[in-house]
Amino acid sequence: MENFTTEALGTGLRSLRDTQTEENCTIVAGVRYAWRSQEAGCDVVVIVAAPDPRRVLGAMDDIDAFVERITVTAGSG
């Protein structure tokens, strides 16, 4: 787990992990991002997973760029 900062959301967390399925022993890799937006009163969570760790690792730059563009606007209640 590591800090991950974006201009719009501030500092949150990013974690990269893998697990093995019981059914067919496939290794599934996943990356998760999470922020708490005090202003909007909500949590922002992004989860990406694939049954091929190379796909997740190979897409990390694109995934990072995607989450860096996420913004949250406070609702009216």
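Definitions and limits used
Residues numbered from 1 in each chain as written. Predicted model: local features only at pLDDT ≥ 70, side-chain atom pairs only at ≥ 80, totals over all residues. Heavy atoms only, no water. Helix = DSSP H or I, 4+ residues; strand = E, 2+ residues; numbered from the N terminus. Buried < 20%, exposed > 50% of the residue type's maximum accessible area, 1.4 Å probe, protein only. Contact = heavy atoms within 4.5 Å. Pairing = 2+ DSSP bridges. Axes fitted to C-alpha atoms, helices over the stretch in contact; angles between N-to-C directions. Phe/Tyr/Trp six-rings, centres within 6.5 Å; stacked < 30°, edge-to-face > 60°.

**Student:** How do you make sense of the overall build of the protein when you look at a structure like this?
**Tutor:** The secondary structure content of the protein amounts to two helices and four strands. For the protein, the α and β elements follow one another from N to C terminus as β-β-β-β-α-α. Across its three principal directions, the C-alpha atoms of the protein cover 45 × 25 × 20 Å. Relative to its 77 residues, the protein shows a buried fraction of 27%.

**Student:** Is there a simple way to explain the side chain of Asp-64 in this structure?
**Tutor:** Turning to its location among the elements, Asp-64 is positioned in helix H2 (residues 60-67). Look at Asp-64 and you get buried, because its relative accessible area is 13%. Those residues in contact with Asp-64 that sit more than four places away from it in its chain are Phe-4, Arg-14 and Tyr-33.

**Student:** Got a minute to help me understand the pairing of strand S1 (residues 2-6) in this structure?
**Tutor:** Strand residues, when the strand is regular, have side chains that alternate between the two faces of the sheet. Of the pairings in the sheet, the one linking S1 to strand S2 (residues 10-20) comprises five bridges and is antiparallel in character. Bridge pairing in S2 links Thr-5 to Thr-11. Between S1 and the antiparallel strand that follows it, S2, lie three residues.

**Student:** Just checking my understanding: could you explain the side chain of Ser-15 for this structure?
**Tutor:** By the secondary structure assignment, Ser-15 is in strand S2. Beyond its immediate stretch of four places on either side in the chain, Ser-15 contacts Met-1, Gly-30, Val-31 and Arg-32.

**Student:** Which parts of the structure should I look at to understand the sheet that holds S1?
**Tutor:** Remark on secondary structure: sheet strands pair via backbone hydrogen bonds, oriented parallel or antiparallel. In space, the four strands of this open sheet follow the order S1-S2-S3-S4, with antiparallel pairing throughout. Whereas interior strands pair on both sides, the edge strands pair on one side only; in this sheet they are S1 and strand S4 (42-50). Each neighbouring strand pair of the sheet contributes to a mean axis angle of 25°, computed without reference to strand direction. On top of the sheet, H2 reaches S1, S2, strand S3 (27-37) and S4; it is set at about 20° to S3, its chief contact.

**Student:** Would you mind showing me how to read the packing of aromatic side chains here?
**Tutor:** For any pair of aromatic rings, the description consists of the separation of the ring centres together with the inter-plane angle of the planes. Following the criterion strictly, the structure yields three aromatic pairs and no others. With centroids separated by 6.3 Å and ring planes inclined at 65°, the aromatic side chains of Phe-4 and Trp-35 adopt a geometry described as edge-to-face. Residue Phe-4 is found in strand S1, and its partner Trp-35 is found in strand S3; the two are separated by 31 residues along the sequence. A single burial state applies to Phe-4 and to Trp-35, both of which are buried. Ring geometry for Tyr-33 versus Trp-35: centroids 6.2 Å apart, planes at 10°, classification stacked. Using a relative accessible area of 4% as the deciding quantity, one classes Trp-35 as buried. Taken together, the ring pairs in this structure connect Phe-4, Tyr-33 and Trp-35 into an aromatic cluster.

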